[in-house]
Amino acid sequence: MITSKFQGRSLLAEKDFTKEELMYLIDFSEHLKDLKKRGIPHRYLEGKNIALLFEKSSTRTRSAFTVASIDLGAHPEYLGKDDIQLGKKESVEDTARVLGSMFDGIEFRGFKQSNVEKLAEFSGVPVWNGLTDEWHPTQMIADFLTIKENFGHVEGVTLAYAGDGRNNMANSLLVTGAILGANIRIVSPKALFPDQEIIDMAQEFAEKSGSKLMITDDVQEGVKDADVLYTDVWVSMGEEDKFEERVNLLKPYQINMDMIKATGKEDVILLHCLPAFHDTNTEYGEMVKERFGISEMEVTDEVFRSSHARQFDQAENRMHSIKAIMAATMGNLFIPKV
Ligand code: CP
Ligand code: NVA
């Protein structure tokens, strides 16, 4: 029985969802978070089986899908890159058909957006994009939930993203913010500006929602009056040969106390999808210090540990929001609003 517009749908990219639908998922996440905190069961997916496909590594997304599945009464099964053939010895189409005959839903994290699209096309079950080179849509529900928790609303909030402007996070923030009516600024060197196609798509959404977009290489202009400063790693998964280029390009775009001050907002918050390089307590952090002489990359340790920081609330929200996404698209729920 189809009970809502969500039932049976995949979440592959934010552009496929309306503002009302995305806001519903954010509000539903908030509700499920409240139920969890109060110990009230919400086993909407009792008896379901969920495949978790990971070509790239993950702490938050994998943990969130696992815990969310179990809280919802479902069974999660992790299938890592060395566990299944996906694309190597068996086509994505054939893999999708097999997994779709056994599982009720599939999460995919990997490189190509076309692979997550093929999984959705051929599996016949909801597929959730847990990050590709192009988009990170489940992250967006958690991020805008965190923004709503801090400001009471999403519309009209100004978010400045400083860093690599052409990665999955920049793409997703630009397009999702534009759909939701948040003002998004991408603050990065020109060489790392988003693709024109993404800017055009976001601009079209912004015209409908009233969101104001800015793409700039000027830090002062980009962060002035921002309510949220957001950053991500300078080198994304799969680009590990680019440290030198990125350190050189992105040093001026580090979130530090000067940038916090340049917003002119005392209550500006820091968001970061994590993992973060804010010290040398990682192998990459150590390597970068040795090769390039800097001990912090995209955000300083001072800001990361300051009263502005919300990245760990944001990380927790991954679980509540992934739970909402799975329950809404697979739980036969009655959702009258959207
Ligand atoms: N933010 C995020 O997706 O974290 P993981 O890579 O740990 O899943
Ligand atoms: N841009 C980062 C996001 C990690 C959550 C990456 O793709 O590695």
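Refer to the structure above for everything that follows.
So, here's what we can say about the structure.

Details of the overall build of the protein chain
Okay, so step 1: Per the secondary structure count, the protein chain includes 13 helices and nine strands.
Okay, so step 2: Taken against the 2.2 N^0.38 rule, which gives 20 Å for 338 residues, the C-alpha radius of gyration of the protein chain at 19 Å falls within 12% of a compact globule.
Okay, so step 3: Seen through its C-alpha atoms, the protein chain measures out along the principal axes to roughly 55 × 45 × 40 Å.
Okay, so step 4: Within the protein chain, buried positions represent 58% of all 338 residues.
Okay, so step 5: Counted over contacts in the protein chain with a minimum sequence separation of 6, partners at least 24 positions apart contribute 77%.
Okay, so step 6: In the structure as shown, the protein chain presents an accessible area of about 14,200 Å², 48% of it carried by carbon and sulfur atoms.
Okay, so step 7: Side chains of the protein chain give 39 positive and 55 negative charges; the mean places of these two sets differ by 3 Å.

Some remarks on the packing of helix α1 (residues 19–37) against helix α13 (residues 311–330)
The axes of two packed helices give the description: the angle between them and the distance between them.
Okay, so step 1: Put simply, α1 and α13 touch, their axes get as near as 8 Å, and they point 115° apart. On the basis of their axis angle, the class for α1 and α13 is roughly perpendicular. Crossing handedness for the pair α1 and α13: right-handed. In this structure, α1 uses L25, F28, S29, L32, K33, K36 and K37 to contact α13, whose residues at the interface are E316, N317, M319, H320, S321, K323, A324, I325, A327 and A328.

Points about unusual backbone geometry
Okay, so step 1: Put simply, L274 and P275 share a cis peptide bond, and its omega is 5°.
Okay, so step 2: Mapped onto the elements, P275 comes out in the loop between β9 (269–272) and α11 (283–292).
Okay, so step 3: A positive phi angle is found at D225, which is not glycine, with a value near 70°.
Okay, so step 4: Structurally, D225 can be placed in the loop between α8 (219–223) and β8 (228–231).
Okay, so step 5: Relative accessible area serves as the criterion here: at 37%, D225 is assigned to the partly exposed category.
Okay, so step 6: Look at L274: it is not a glycine, yet its phi comes out positive at around 65°.
Okay, so step 7: Inspection of the secondary structure puts L274 in the loop between β9 and α11.
Okay, so step 8: The class of L274 is buried, set by a relative accessible area of 10%.

Looking at helix α9 (residues 243–250)
Okay, so step 1: Along α9, the positions that sit buried rather than exposed are F243, R246, V247 and L250. One face of α9 carries all of its buried residues, which in axial projection span an arc of 100°.

With respect to α13
Okay, so step 1: An ideal rise of 1.5 Å per residue puts 28 Å on 20 residues; α13 measures up with 29 Å between its terminal C-alpha atoms.
Okay, so step 2: Of all 20 residues that make up α13, 17 are buried, and the element is covered over most of its length.
Okay, so step 3: In the segment just after α13, N332 is the residue with positive phi, at about 50°.

Quick word on the pattern of salt bridges
Okay, so step 1: The final tally for this structure, using the stated rule, is 25 salt bridges.
Okay, so step 2: A salt bridge links K148 to D27, with the nearest nitrogen and oxygen atoms 2.9 Å apart. Here the residue K148 occupies a position in helix α5 (residues 137–151), and D27 occupies one in helix α1, the gap between them amounting to 121 residues.
Okay, so step 3: Relative accessible area serves as the criterion here: at 25%, D27 is assigned to the partly exposed category.
Okay, so step 4: Here the salt bridges share partners, and the residues they tie into one network are D164, R166, E239, E245 and R246.

Comments concerning the site of ligand 2
Okay, so step 1: Inspection of the region around ligand 2 gives L131, N167, N168, D232, V233, S236, M237 and L274 as its neighbouring residues.
Okay, so step 2: When the free accessible area of ligand 2 is taken as 270 Å², the share hidden by the protein chains comes to 95%.
Okay, so step 3: In terms of residue class, the shell around ligand 2 is made up of four nonpolar, three polar and one charged.

Concerning the pairing of strand β7 (residues 213–216)
Okay, so step 1: Sheet topology places strand β6 (residues 183–187) next to β7; four bridges connect them, and they run parallel. Paired with I186 across the two strands is I215, which belongs to β7.
Okay, so step 2: The handedness of the β6 to β7 crossover, carried by helix α7 (residues 196–209), is right-handed.

Considerations on the side chain of S123
Okay, so step 1: Mapped onto the elements of the fold, S123 is located in helix α4 (residues 113–123).
Okay, so step 2: At 2.7 Å, the side chain of S123 forms a polar contact with the backbone oxygen of L119.

Examining the site of ligand 1
Okay, so step 1: Lining the immediate surroundings of ligand 1 are S58, T59, R60, T61, R109, H136, Q139, C273, L274 and R318.
Okay, so step 2: S58 is positioned such that a nitrogen or oxygen atom in its side chain is 2.6 Å from an oxygen atom of ligand 1.
Okay, so step 3: Measuring from an oxygen atom of ligand 1, one finds a backbone N or O atom of T59 at 2.7 Å.
Okay, so step 4: In the complex, the protein chains occlude 96% of the 260 Å² of accessible area that ligand 1 would expose alone.
Okay, so step 5: Across the shell around ligand 1, the residue classes tally to two nonpolar, five polar and three charged.

Procedures and definitions
- Residues numbered from 1 in each chain as written.
- Chains lettered and ligands numbered in written order.
- Predicted model: local features only at pLDDT ≥ 70, side-chain atom pairs only at ≥ 80, totals over all residues.
- Heavy atoms only, no water.
- Helix = DSSP H or I, 4+ residues; strand = E, 2+ residues; numbered from the N terminus.
- Rg over C-alpha atoms; globule rule 2.2 N^0.38 Å.
- Buried < 20%, exposed > 50% of the residue type's maximum accessible area, 1.4 Å probe, protein only.
- Contact = heavy atoms within 4.5 Å.
- Areas by Shrake-Rupley, 256 points an atom, 1.4 Å probe, with all protein chains shown as cover.
- Lys, Arg positive; Asp, Glu negative; His and termini not counted.
- Charge placed at Lys NZ, Arg CZ, Asp CG, Glu CD.
- Axes fitted to C-alpha atoms, helices over the stretch in contact; angles between N-to-C directions.
- Parallel < 35°, antiparallel > 145°, perpendicular 65-115°, else oblique.
- Left-handed = near helix turned anticlockwise from the far one by under 90°.
- Arc of directions from axis to C-beta.
- Expected span 1.5 Å × (residues − 1).
- Salt bridge = Lys/Arg side-chain N within 4 Å of Asp/Glu carboxyl O.
- Near = heavy atom within 4 Å.
- Nonpolar A, V, L, I, M, F, W, Y, C, P; charged D, E, K, R; others polar.
- Pairing = 2+ DSSP bridges.
- Right-handed = clockwise from strand over helix to strand, strands pointing away.
- Polar contact = N/O pair within 3.5 Å; in protein donor to acceptor, adjacent residues only side chain to side chain.

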